[in-house]
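Here are the chains, one letter per residue:
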Amino acid sequence: MSLRVLVLGGAGFIGSHLCKKLLTKGYHVVCMDNLSCGNKDNLLDLTQNPKFEFIYHDVVEPLKVEVDQIYNLACPASPVHYQSNAIKTIKTSIFGAINSLGAAKKLKARILLASTSEVYGNPTVHPQREDYWGNVNPTGIRACYDEGKRCAETLFFDYHRQNHVDIRVIRIFNTYGPNMQLNDGRVVSNFIVQALRNEPLTIYGSGEQTRSFCYIDDLVDGMIRAMEQTKSIGPINLGNPHEFTIQELCQKVIQLTKTRSTIIHQPLPQDDPTRRCPDITLAKKLLNWDPKIQLNEGLEKTIPYFQKMIHNHQN
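Residues numbered from 1 in each chain as written. Predicted model: local features only at pLDDT ≥ 70, side-chain atom pairs only at ≥ 80, totals over all residues. Heavy atoms only, no water.

Digging into helix 6 (residues 216-228)
Thinking step 1. Along its 13 residues, helix 6 runs 19 Å from first to last C-alpha, staying within 8% of the 18 Å computed at 1.5 Å per residue.
Thinking step 2. For helix 6, the complete set of buried residues consists of Ile 216, Asp 218, Leu 219, Val 220, Gly 222, Met 223, Ile 224, Ala 226 and Met 227. (Helix = DSSP H or I, 4+ residues; strand = E, 2+ residues; numbered from the N terminus. Expected span 1.5 Å × (residues − 1). Buried < 20%, exposed > 50% of the residue type's maximum accessible area, 1.4 Å probe, protein only.)

Examining the sheet that holds strand 5 (residues 110-116)
Thinking step 1. With respect to topology, 7 strands assemble into an open sheet ordered 3-2-1-4-5-6-11, the strand pairing being parallel. A single partner strand is all that each edge strand has here, and the edge strands are strand 3 (52-56) and strand 11 (236-238). On average, each strand axis in the sheet is tilted by 20° relative to the strand beside it, whichever way the strands run.
Thinking step 2. When strand 1 (residues 4-8) meets strand 2 (residues 28-33), the two strands line up parallel, connected through 5 bridges. The residue bridging Arg 4 from the neighbouring strand is His 28, located in strand 2.
Thinking step 3. Docked against the sheet, helix 1 (residues 13-24) engages strand 1, strand 2, strand 3, strand 4 (69-72) and strand 6 (167-172), running at close to 170° with respect to strand 1. (Pairing = 2+ DSSP bridges. Axes fitted to C-alpha atoms, helices over the stretch in contact; angles between N-to-C directions. Contact = heavy atoms within 4.5 Å.)

With respect to the side chain of Asn 237
Thinking step 1. Inspection of the secondary structure assignment puts Asn 237 in strand 11.
Thinking step 2. In terms of polar contacts, Asn 237 uses its side chain to reach the side chain of Tyr 120, at 2.8 Å.
Thinking step 3. When near neighbours in sequence (up to four residues on either side) are disregarded, Asn 237 contacts Tyr 120, Gln 128, Arg 129, Glu 130, Arg 171, Phe 173, Pro 278, Asp 279, Ile 280 and Ala 283. (Polar contact = N/O pair within 3.5 Å; in protein donor to acceptor, adjacent residues only side chain to side chain.)

Okay, structure coming up:
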C-alpha cells in the first residue's frame, strides 16, 4: 500500500512541483490549498491521475484528513503577496503550523515545515549556517513573513519535544522555475517578465546585493530527501550555494531573452537583505544532496514557460 501524502499549499509554485514528483514515486497525493496564491492551472496535468486528490481548504482552520506524511508549504512566499495582507500571512504561518502539527500528532504522521532563509533576516554571518540565529526586524514590513516562519519553527520543535511529533524542518533559499506567477514579485520572475515585454528591468538599490538561485527540480529533490531521511529533524538549508549579484542576474536575463529592455534603479525596500547565500554542508552530509542545475541552464528552462504565460495572458 502506497503512502498517503498531504501537501499543504500544493497548488502553489513549489507545491505543484512537489505533488508531481511525489506522484511519480507512486504515492497517493492529497493537495490542499485555498488558492489565495496557488493556481489550479498548475495542477492540470495531475488531475487525471487516480492517486491525486485536491481539497479546497484554508490551513487557519483545523485539518480533517487521513495521511502518513504532511508537507506544510502553506504561506505566501513573495513580498508582494505576503505584504498585501500581513495579518493573514502571520495567521497562516502560526495557525497553519498549529493545525498541521495537531493533525500530525493525532495521525502519528511525519511532518515537514517548509521554512525559509528569511528567518536569517539581513544576515551578519555569511554564508548562512543553520546554527545562525538571524538578524530580523520584528516590526518591519517583512516581519509578518520572517517572524511568522520563525514562530512556526518554534512550534515544530516544541511539538517535537513535548508531544514527540516526528518533524522535519528545512529552510528554503531563493528558488525559481515554471509555475511561478506573472505577478510573483520575486526577482527572477520580475526580470524575465519585464525582459519578454521589452519593459525596463527594475533593479532595487545598486544591484550589488547578492542572492543564490536554486532551480525548482533540485529543491523538490532535496525536500523529499529531507522528509524521508531519519538522521536529522533539522533545520537543514536547501539552496544553491553559488552566489550572484542582482546586477549579474539582470545581465544573464537580458542576454538569454535577447530583449531590448533598459535598466532602471529604484530605492532598496526596507529590510531587504544585502547578502543571501546558504551553507549547505549539512544537506550534503545528511541528504547527499547538492544542486545540479546551475543558473544559465535553469533560466533556459524557465524563460519558455513565461513566454507561454505572457502569450496566453495577451490572448
